[in-house]
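# Fold and geometry: a report
The primary structure of each chain is shown beneath.
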Amino acid sequence: MLNSSDAPLKEYTKSQLALRNGQDKPEIWCAFNGLIYDVSRSKLWRNGKHYEHWAGQDLTDEMKDAPHTQNVFDTFTVVGKLK
């Protein structure tokens, strides 16, 4: 799912993304292929953890070991781009 407006996506550093881990701030975000997704509404990301994965990180390299495809991100809103 793309962002809800036609405005350009805000860029976030890895440090800024790390704060959206479901513990330091209420947002639960993760990055994949340069885009940052809000996974806060997912029951599978409670407390910023999804199995052995933690929110606030770039999960691009970890997707190869996931039991699902990258299409799982299609259900989440893009909130920014990773710098």
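Calculation notes
Residues numbered from 1 in each chain as written. Predicted model: local features only at pLDDT ≥ 70, side-chain atom pairs only at ≥ 80, totals over all residues. Heavy atoms only, no water. Core = buried A, V, L, I, M, F, W, Y, C linked by side-chain atoms within 4.5 Å. Buried < 20%, exposed > 50% of the residue type's maximum accessible area, 1.4 Å probe, protein only. Contact = heavy atoms within 4.5 Å. Pairing = 2+ DSSP bridges. Helix = DSSP H or I, 4+ residues; strand = E, 2+ residues; numbered from the N terminus. Phe/Tyr/Trp six-rings, centres within 6.5 Å; stacked < 30°, edge-to-face > 60°.

### A closer look at the nonpolar core
- The biggest cluster of nonpolar side chains holds 13 residues, and the ones touching the most others in it are Cys30, Tyr37, Val39, Trp45 and Phe73.
- When residues no more than four places from it in sequence are discounted, the contact partners of Tyr37 are Ile28, Trp29, Cys30, Phe32, Phe73, Phe76, Thr77, Val78 and Val79.

### Some words on the pairing of strand β3 (residues 35-38)
- Two strands pair when backbone bridges link them, and strand β2 (residues 29-32) and β3 are joined in this way by four bridges, in the antiparallel orientation. In the sheet register, Ala31 faces β3, and the bridge partner there is Ile36.
- Where β2 folds back onto β3 in an antiparallel hairpin, the turn is made up of two residues, including Asn33, whose phi is positive at roughly 50°.
- In terms of strand pairing, β3 meets strand β6 (residues 77-82) through four bridges, oriented antiparallel. Residue pairing for β6: Ile36 is matched across the bridge by Gly80.

### Considering the sheet that holds β3
- Across the sheet, four strands lie side by side as β1-β6-β3-β2; this open sheet has mixed pairing. Single-partner strands in this sheet number two, and they are β1 (11-12) and β2.
- Across two bridges, the pairing between β1 and β6 is parallel. In the sheet register, Glu11 faces β6, and the bridge partner there is Lys81.

### Some thoughts on the packing of aromatic side chains
- Applying the stated criterion across every chain yields a total of three aromatic pairs.
- On the basis of an interplanar angle of 75° and a centroid distance of 5.1 Å, the ring pair of Tyr12 and Trp29 is categorised as edge-to-face. Of this pair, Tyr12 sits in strand β1 while Trp29 is found in strand β2, placing the two residues 17 residues apart along the sequence.
- Take Trp29: its relative accessible area is 6%, and that puts it in the buried class.
- Ring geometry for Tyr37 versus Phe73: centroids 4.8 Å apart, planes at 35°, classification tilted. Of the two residues, Tyr37 sits in strand β3 while Phe73 sits in the loop between β5 (53-54) and β6, which places them 36 residues apart along the sequence.
- Looking at Tyr37, the relative accessible area reads 8%, which means it is buried.

### A few points about the environment of Glu27
- Structurally, Glu27 can be placed in the loop between α1 (14-18) and β2.
- Separated by 50 residues in the primary sequence, Glu27 and Thr77 place their C-alpha atoms 12 Å from one another.

### What to know about unusual backbone geometry
- In this structure, Asn33 takes a positive phi of about 50° despite not being glycine.
- Within the secondary structure layout, Asn33 lies in the loop between β2 and β3.
- With a phi close to 60°, Asn47 is a non-glycine residue in the positive phi region.
- With respect to the element layout, Asn47 can be found in the loop between β3 and β4 (49-50).
- The class for Asn47 is exposed, based on a relative accessible area of 60%.

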